[in-house]
Structure formats: C-alpha cells, structure tokens
Amino acid sequence: MSLLYIKDLKVSYGGIEALKGISLDVEKGQIVALIGANGAGKSTTLRAISGLIPRSQGTITYDGQVISGHSPQKIVSEGICMVPEGRRVFPNLTVLENLKIGGYLRKDDIQPDIEHVYDLFPRLKERSWQLAGTLSGGEQQMLAVGRALMMRPKLLMMDEPSLGLAPLVIRDIFKIIETLHEEGITILLVEQNANAALKIADSAFVLETGSLSMQGTGKELLNDPRVKEAYLGKAPARNGIG
C-alpha cells in the first residue's frame, strides 16, 4: 500500500525545469532511497512534497489524500516531517529548546517524545542545556532527526543525513535510520552516499537531471553495473559501513 504517491511532478526555477514529470511511490513501512548526483533534483523533490516550493504540474497523494497545494504547516501536521540538508538547527537555542520547537504544532504532552529522543540519542540528553550551535556536526544531525521525530511522523524524509560527517558517525546515523524503520516509520531517504543508502533500502530510485532513470529494490540497484559505475565507485571508502 502506497503511503505517498507522486504522479507527473514538475518543478521549475525560472526557466529551468528542475523536475521533469517524475512519478514514484513510497510504500507504507518501507525505507525508500532516492539517489543521484548533485543537481539531479533530489532535494527539490523533498521540498515539493513538503510544500516549501510550488510545483508547476503533477499531484502528490499522501495516505489516500491529495496534498498538492497544502501549506507546509498542514503537511507537517498530517504526518510528513523532513530532516533538512545541513541540519539547520537553531544555534542560539539549547538542545531541549530545539526539540520543543519540533513539537510546536502539538497540543498534547510532548515530554514522552523528548524522552524517546533522549533514548535514541543519549548524547543529546547529556547536552540538553547546551546551545545547539556548539554541538559537533554529528550531534547536530542527531538533533535535527530528534526535532523531526517530535511530531510523531508517519513519513520521515531525510535529506543527505550523512553529508559532512565522519565515517563512524555515519555508521551511527544509518543504524538510527534502521531503528526508526523498525519502529514503523516510513522513510524517504535522499542520499549521495548511494552504497550506504541502497544497503538499507527496500526500494530505490535513481534521479538524473530531473528525470527518473532507474528503479528497483535496494539490492537490485546495489548490484546493477550502471549504478556501480556511476555512484558506487568510491562508496566503500566514504561511508564507513561494512
């Protein structure tokens, strides 16, 4: 069953067509990877789903309802949250304050969810009163994930979670992604580190200059000669995952 279905999605920046009518689906309970080179349109896809940029054509259906044209706030309230590229934590607020902002739309008690984030990321609990801007890159990435989890998402979109991180930290981040998957969260993962992403993905899509060029299971694309040549040549040295 598709939790998210995108049909003929086009997005343009000025006269440049960033997405050229892509269609893809994200099955409920899966990890779905979207891989491709810089500028392929991966982040644009996530931003369009989130309502952060307008589409010029196409429909986005989530949990059986068309959400094309919904505001970003409404989309978050419906259960779609994104961990943005570059973390984008609030540097002058504490770890705890960042987490509370993550749950700003909720009317119920968010303390159990804060504790759950602390269980997933013990280092955040140790640094709960520390300013987010003083955290390491890996800790900021953990905080960005934790902040998104505060809305109890059904669909968690992650934009380049391994970018700029050391290999051991990348290993930890991907273990957390698998843990969240085991908890029942559907994950749409945008990642240049194709080797690491395809190893944990149930299904995957390759995006090239705004068009989908390949799709299959994570294992199928991991073993595809074309994917190996284009995206996996240097992966083992970069991702720190065996």
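In the block above lies the structure referred to throughout.
This section reports on the structure supplied with the text. (Residues numbered from 1 in each chain as written. Predicted model: local features only at pLDDT ≥ 70, side-chain atom pairs only at ≥ 80, totals over all residues. Heavy atoms only, no water.)

**Some remarks on the sheet that holds strand 2 (residues 16-27)**
In any sheet, the strands associate via hydrogen bonds between backbone groups, in a parallel or an antiparallel arrangement. The test is simple: For two strands to pair, DSSP has to find at least two bridges joining them. Here a strand is any run of E in DSSP of at least two residues, a helix any run of H or I of at least four, and the numbering for each starts at the N terminus. Every residue pair with non-hydrogen atoms within 4.5 Å of one another is taken to be in contact. The axes are straight lines fitted to the C-alpha atoms, using for helices just the contacting stretch, and the angles between their N-to-C directions are given from 0 to 180°.
Strand order in the open sheet formed by four strands is 2-1-4-5, with antiparallel pairing between adjacent strands. Looking at the sheet topology across the chains shown, the edges are occupied by strand 2 and strand 5 (65-66). Relative to strand 5, strand 4 (residues 57-62) runs antiparallel, the two being bridged by two bridges. The partner of Tyr62 across the bridge, within strand 5, is Gln65. This element, helix 1 (residues 42-49), spans strand 1 (2-13), strand 2 and strand 4 of the sheet and lies at about 115° to strand 1.

**Digging into helix 6 (residues 137-149)**
Definition in use: Expected helix span is taken as 1.5 Å per residue step, with the number of steps being one fewer than the number of residues. Summary of the burial criterion: residues with accessible area below 20% of their type's maximum are buried, those above 50% are exposed, and those between are partly exposed, where the area comes from a 1.4 Å probe applied to protein chains only.
The end-to-end C-alpha separation of helix 6 is 19 Å, in line with the 18 Å expected for 13 residues at 1.5 Å each. Along helix 6, twelve of the 13 residues are buried, which leaves the element largely enclosed by surrounding structure. Looking at helix 6, one finds that the buried residues are Gly138, Glu139, Gln140, Gln141, Met142, Leu143, Ala144, Val145, Gly146, Arg147, Ala148 and Leu149.

**Some details on the sheet that holds strand 8 (residues 186-190)**
With mixed pairing, six strands are arranged side by side in an open sheet as 6-7-8-3-9-10. In this open sheet, the two strands that pair with only one neighbour each are strand 6 (80-83) and strand 10 (211-217). On average, each strand axis in the sheet is tilted by 15° relative to the strand beside it, whichever way the strands run. Two strands pair when backbone bridges link them, and strand 3 (residues 31-35) and strand 9 (residues 203-208) are joined in this way by four bridges, in the parallel orientation. Along strand 9, the bridge assignment pairs Ile35 with Val206. Relative to strand 7 (residues 155-159), helix 1 is tilted by about 145°, and along the sheet it contacts strand 3, strand 6, strand 7, strand 8 and strand 9. The strands that helix 7 (residues 167-182) touches are strand 3, strand 7 and strand 8; relative to strand 8, the one it contacts most, it runs at about 150°.

**Topic: the layout of surface pockets**
Spelled out, the test is: Think of a 1 Å grid over just the protein atoms. A cavity is a set of points where a 1.4 Å probe fits yet cannot get out, a pocket is an open set with protein on both sides within 12 Å along at least five of seven lines, and lining residues have an atom within 4 Å of a point. Grid points are joined across faces, edges and corners, and a volume is the space filled by probe spheres set on the points. Throughout, the ten residues Ala, Val, Leu, Ile, Met, Phe, Trp, Tyr, Cys and Pro are labelled nonpolar, Asp, Glu, Lys and Arg are labelled charged, and all others, Gly among them, are labelled polar.
Each pocket or cavity is described by its volume, and for the largest pocket that value is around 610 Å³. Forming the boundary of the largest pocket are 23 residues, of which Leu52, Val76, Met82, Pro84 and Arg147 lie nearest the centre. Put simply, the parts of the chain that give the lining of the largest pocket at least two residues each are helix 1, helix 2 (72-77), strand 6, helix 3 (95-102) and helix 6. Its residues placed into classes, the lining of the largest pocket shows 14 nonpolar, four polar and five charged.

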